[in-house]
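# A structural walkthrough
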Amino acid sequence: SPACRSATEPSSKYSGTAPERLSTPLIHDTHAPSNSPGRDKIEPMTDTTDTGTAPAEEQTAINTFSMTVKAQYIKDMSFENPKAPYSLRSDIRPDIEIGVDVRAERMAENVFEVILQLNVNGVHEGDKVFIVELAYAGVFQFENVRPDQTEYVLMVECARLLFPFARQIIGQVTADGGYPPLHIQPIDFLGVFQKNELQRQETGGIDVSKIETEGTA
């Protein structure tokens, strides 16, 4: 299926560039013991699709990086159609609400799982006529990514790679639910990332003591 790549299939490799310097450090060490089974959790980036043009940012140098996509998969998905079949009438055109969340966890040295969460509600006259919740994930192995650039690559570049596959799944499931396929407009992940970075600066950054380490099942 074009929407999912098995870990047994050949990996895909991508190259790109990252800002040379971010104004605040955005990735934090949980100080877990070296023999701990836990993963370092990276603070999520959340926003809705109502993102404007990214603010201008001074970037005096660029660092080239590459990453390999080891796997892509649906981690979790649900679809609810509580008002069907009445909501399937041709004269009903639901308003669409979309929430976006990007999360990442370190699995091993230079290997990360990135989860793109899309929550989509179709609303008509105040009632939700359909609800889609999709967590689409990928495992990425990094090369030449500096520690201070890691979160940018995870939250922007990895999310960009996952988005077209998640978008295709959302379109298919809404069509299977009896509605016209929903084609989500491209998301400005860079703009969301920069806005969240500014918010972190204003609030004094992230309290490292509140970042938890997740154990293995």
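Right above here is the structure, for reference.
Residues numbered from 1 in each chain as written. Predicted model: local features only at pLDDT ≥ 70, side-chain atom pairs only at ≥ 80, totals over all residues. Heavy atoms only, no water.

## What to know about helix 1 (residues 150-176)
Note the following rule: Secondary structure is summarised from DSSP: a helix means a run of H or I of at least four residues, a strand means a run of E of at least two, and numbering begins at the N terminus for each. A helix is expected to span 1.5 Å multiplied by its residue count minus one. One fitted axis covers the seven residues ending at a residue, a second covers the seven starting there, and the bend at that residue is the angle between these axes. In this scheme, a residue with accessible area under 20% of its type's maximum is buried, one over 50% is exposed, and one in between is partly exposed, where area comes from a 1.4 Å probe on protein chains only.
Taking 1.5 Å as the rise per residue, helix 1 with 27 residues should run 39 Å; its terminal C-alpha atoms sit 38 Å apart, in good agreement. Roughly 40 degrees is the biggest bend found in helix 1, and it falls at Ala159. Counted residue by residue, helix 1 has 19 buried out of 27 residues, so it is predominantly covered. Gly178 lies just past helix 1 and shows a positive phi near 100 degrees.

## Overview of the pairing of strand 4 (residues 95-108)
Going by this rule: Following DSSP output, two strands are said to pair if at least two bridges run between them.
The pairing of strand 4 with strand 5 (residues 111-124) spans 13 bridges and is antiparallel. Paired with Arg106 across the strands is Phe112, a residue of strand 5.

## A few points about the pattern of salt bridges
Stated formally: In the sections that follow, a salt bridge refers to a side-chain nitrogen of Lys or Arg positioned within 4 Å of a carboxyl oxygen of Asp or Glu.
Taken as a whole and judged by the stated rule, the model has 5 salt bridges. We note a salt bridge from Lys75 to Glu113, for which the minimum N-O separation is 3.0 Å. Of this pair, Lys75 sits in strand 3 (residues 62-80) while Glu113 sits in strand 5, placing them 38 residues apart in sequence. In this structure, Arg146 engages Asp148 in a salt bridge whose closest nitrogen and oxygen atoms are separated by 3.0 Å. Since its relative accessible area comes to 29%, Arg146 is described here as partly exposed. We classify Asp148 as partly exposed; its relative accessible area is 31%.

## A few points about the nonpolar core
We apply this condition: To qualify as a nonpolar core, a set must consist of buried Ala, Val, Leu, Ile, Met, Phe, Trp, Tyr and Cys residues joined through side-chain atoms within 4.5 Å. Here a residue-residue contact requires only that any non-hydrogen atoms of the pair lie within 4.5 Å.
Leu116, Phe142 and Phe189 are the most contacted members of the largest nonpolar core, which has 40 residues in total. Contributions of two or more residues to this core are made by strand 3, strand 4, strand 5, strand 6 (127-143), helix 1 and helix 2 (189-202). Sorting elements by how many residues they give to this core places helix 1 first, with 14 residues. Those residues within four positions of Leu116 in sequence are excluded, and the remaining contacts are Val100, Asp101, Val102, Leu134, Ala135, Tyr136, Ala159, Leu162, Phe163, Ala166 and Phe189.

## Quick word on the packing of helix 1 against helix 2
Put simply, the rule is: Note on geometry: axes are lines fitted to C-alpha atoms, helical ones only across the stretch in contact, with angles between N-to-C directions running from 0 to 180 degrees. By the definition adopted for this analysis, an angle is roughly parallel if under 35 degrees, roughly antiparallel if over 145, roughly perpendicular if from 65 to 115, and oblique otherwise. The hand of a helix crossing depends on one turn: near helix anticlockwise from the far one by less than a right angle means left-handed, and clockwise means right-handed. Throughout this entry, Asp, Glu, Lys and Arg are counted as charged residues, while Ala, Val, Leu, Ile, Met, Phe, Trp, Tyr, Cys and Pro are counted as nonpolar. The remaining residues, Gly among them, count as polar.
Where helix 1 contacts helix 2, the axes come no closer than 9 Å and their chain directions differ by 150 degrees. Relative to helix 2, helix 1 is oriented roughly antiparallel. Once helix 1 is placed against helix 2, the crossing between them reads as right-handed. Taking contact as the criterion, the partners of Glu151, Tyr152, Met155, Val156, Ala159, Arg160 and Phe163 in helix 1 are, on helix 2, Phe189, Leu190, Phe193 and Arg200. Tallied by class, residues from the contact of helix 1 with helix 2 come to 8 nonpolar, no polar and 3 charged.

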